[in-house]
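For reference, the chains in residue letters:
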Amino acid sequence: MVKGTFASACKVVLFIVNILFWILGCAILGVGIYAEIQRQSSEKVLIIGSTSSYAPIAMIIVGVIIFIIGFSGCCGAFKEHRGLLILYALLVLLVFILQLAAGIFGFVERNKLEDTVVSGMTDTLNAYNPDTPDAGDTKAWDVVQSDVKCCGVRNYTSWDNATEWLSYINDTPMIYPGSCCANPYNASVSGFNVSTCSIAPANDLYTVGCYDEILMTLEQYWKAIAGVAIGVAVFQVMVIVMACVLQRAIKQDEYTVV
C-alpha cells in the first residue's frame with residue numbers, strides 16, 4: 001500500500017478513470033465488430049467516402065487500444081504494479097504524440113486532405129443509384145442531403161456528372177435526387193414514379209454542396225472542438241504525471257521494505 005496523500009489520490013483517480021476507459025474500449029470494440037459483420041453482410045455502413053469499408057476496422061483497432069490502456073492503468077493502480085503503470089504512461093504518451101503529429105499533419109496538408117475527401121465523396125456520388133435504395137452509398141447520400149440540407153459535393157451541379165444517376169434519369173437535364181429538395185415531387189423516370197427534385201424555386205432546391213455545408217457547420221463549432229482537444233491533451237498529461245508519481249511512490253515503498 002503506497003504512502004502519502006497525493007500518491008493515494010493518484011491511485012484512486014487512475015483506478016476509476018481507467019475502469020471507465022476499459023468499459024469504453026469494450027463498447028467501441030463491440031460496436032466495431034457488429035458494424036463489420038453488418039458491412040460484410042449488407043454493406044449498409046452510412047459513411048460518405050471511399051474508405052467507408054475501413055471504418056469498422058478502425059473502430060476495432062481503437063477499441064483494442066483503449067481496452068489495453070484502460071486495463072494496464074486500472075490493474076496497475078489497483079495492484080500497485082510498477083510495470084503496468086510504466087506501460088500505461090508510455091501508451092498514453094504515445095497516443096498524445098500521435099494526436100499531436102496528426103494535428104500538425106492535418107494543418108500542413110489540409111489542402112491535400114480536402115482533395116482526398118472531395119474525391120472520396122465524388123466516388124460515392126457516382127455510385128448513387130435509386131434502384132438500390134438500401135445500398136450504403138445511396139442511403140448515405142439521401143440521409144446526408146436531407147438532414148444537412150445540401151446537394152451534391154460542392155453544389156447541386158455535382159449531380160450533372162454523376163454516372164449512375166445520369167443513367168437512371170436517362171440523361172434528363174436539371175433533375176436531382178429528391179433528398180436535394182425541401183419539397184421533392186414524384187416524376188416518372190425509367191417507367192415508374194420516383195422522388196426527384198428540379199431547379200424550380202417552388203421545390204426549394206438546396207444549392208450548397210454537402211462538403212461545404214458540413215465544413216461551415218464544423219467552423220461554427222471550432223472553438224468548442226478546440227476546447228475539447230485541449231482538454232483531452234491536458235487530461236492525458238495529468239494521467240501520465242499521476243502514473244509516474246504512483247509508480248515512484250511504489251518504488252520508494254519497495255526500498256523502504258528492503
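Throughout this description, residue numbers start from 1 for each chain and increase along the sequence as written. Residue-level local features of this predicted model are given only where pLDDT is at least 70; pairs of side-chain atoms are given and counted only at 80 or more, and the full residue set underlies all totals for whole chains, interfaces and linings. Just so you know, side-chain values use all the structure's heavy atoms and leave hydrogens and water out.

Student: Tell me about the side chain of asparagine 129, and name the residues and values.
Tutor: Only DSSP runs of H or I reaching four residues or more are called helices, and only runs of E reaching two or more are called strands; each is numbered from the N terminus. Considering the arrangement of structural elements, one finds asparagine 129 in the loop between helix H4 (110–126) and helix H5 (136–148). By definition, residues are in contact when any of their heavy atoms lie within 4.5 Å. Beyond its immediate sequence surroundings of up to four residues, asparagine 129 is in contact with Thr138, Glu164 and Tyr168.

Student: Let's hear about the state of the cysteines: which residues, and what values?
Tutor: A pair of cysteine sulfur atoms is labelled a disulfide when the two atoms are within 2.5 Å. On inspection of all chains with the given rule, the structure shows two disulfides. What pairs with cysteine 150 in a disulfide is cysteine 210, and their sulfur atoms sit 2.0 Å apart. Residues cysteine 150 and cysteine 210 are joined by a disulfide whose S-S torsion is about 90 degrees; by sign, that bridge is right-handed. With cysteine 150 in the loop between H5 and helix H6 (163–168) and cysteine 210 in helix H7 (residues 210–220), the pair connects residues that are 60 residues apart, well separated along the chain. Like cysteine 150, the residue cysteine 210 is buried in the burial classification. There is a disulfide in this structure between cysteine 151 and cysteine 180, and the S-S distance comes to 2.0 Å. Using a 1.4 Å probe on the protein chains alone, a residue whose accessible area is under 20% of its type maximum counts as buried, one over 50% counts as exposed, and one in between counts as partly exposed.

Student: Break down the packing of aromatic side chains for me, citing the residues and quoting the values.
Tutor: Two rings from Phe, Tyr or Trp (for Trp, the six-membered ring) form a pair when their centres are within 6.5 Å of each other. A pair whose planes differ by under 30 degrees is stacked, one over 60 is edge-to-face, and the rest are tilted. Under the criterion given, the structure shown has ten aromatic pairs. For the pair tyrosine 128 and tryptophan 165, a centre-to-centre distance of 5.9 Å together with 70 degrees between the ring planes defines the contact as edge-to-face. Of this pair, tyrosine 128 sits in the loop between H4 and H5 while tryptophan 165 is found in helix H6, placing the two residues 37 residues apart along the sequence. Ring centres of tyrosine 156 and tyrosine 176 lie 5.6 Å apart, and the angle between their planes is 85 degrees; on these two criteria the pair is classed as edge-to-face. Here the residue tyrosine 156 occupies a position in the loop between H5 and H6, and tyrosine 176 occupies one in strand S1 (residues 175–177), the gap between them amounting to 20 residues. What makes tyrosine 176 buried here is its relative accessible area of 1%.

Student: Describe unusual backbone geometry, listing the residues and the values that go with them.
Tutor: With a phi close to 55 degrees, glutamate 80 is a non-glycine residue in the positive phi region. With respect to the element layout, glutamate 80 can be found in the loop between helix H2 (55–79) and helix H3 (82–108). Relative accessible area serves as the criterion here: at 16%, glutamate 80 is assigned to the buried category. Its identity as a non-glycine residue notwithstanding, lysine 149 has a phi of 65 degrees, on the positive side. Among the structural elements, lysine 149 can be located in the loop between H5 and H6.

Student: Explain the pattern of salt bridges to me, and be specific about the residues and the numbers.
Tutor: In what follows, salt bridge is the name for a side-chain nitrogen of Lys or Arg lying within 4 Å of a carboxyl oxygen of Asp or Glu. Evaluation of the coordinates by the stated rule reveals three salt bridges. Put simply, lysine 11 and glutamate 80 hold a salt bridge, and the shortest N to O gap is 2.9 Å. Of this pair, lysine 11 sits in helix H1 (residues 5–42) while glutamate 80 sits in the loop between H2 and H3, placing them 69 residues apart in sequence. We classify lysine 11 as buried; its relative accessible area is 15%.

Student: Please give an account of the side chain of serine 72 that cites residues and values.
Tutor: Counting through the fold element by element, serine 72 comes out in helix H2. Ignoring any residue separated from it by four or fewer positions in sequence, one finds serine 72 in contact with Leu84, Leu87, Tyr88 and Leu91.

Student: With reference to specific residues and values, describe the environment of tyrosine 88.
Tutor: Within the secondary structure, tyrosine 88 sits in helix H3. Residues tyrosine 88 and glycine 70, spaced 18 residues apart in sequence, show a C-alpha to C-alpha distance of 8.0 Å.

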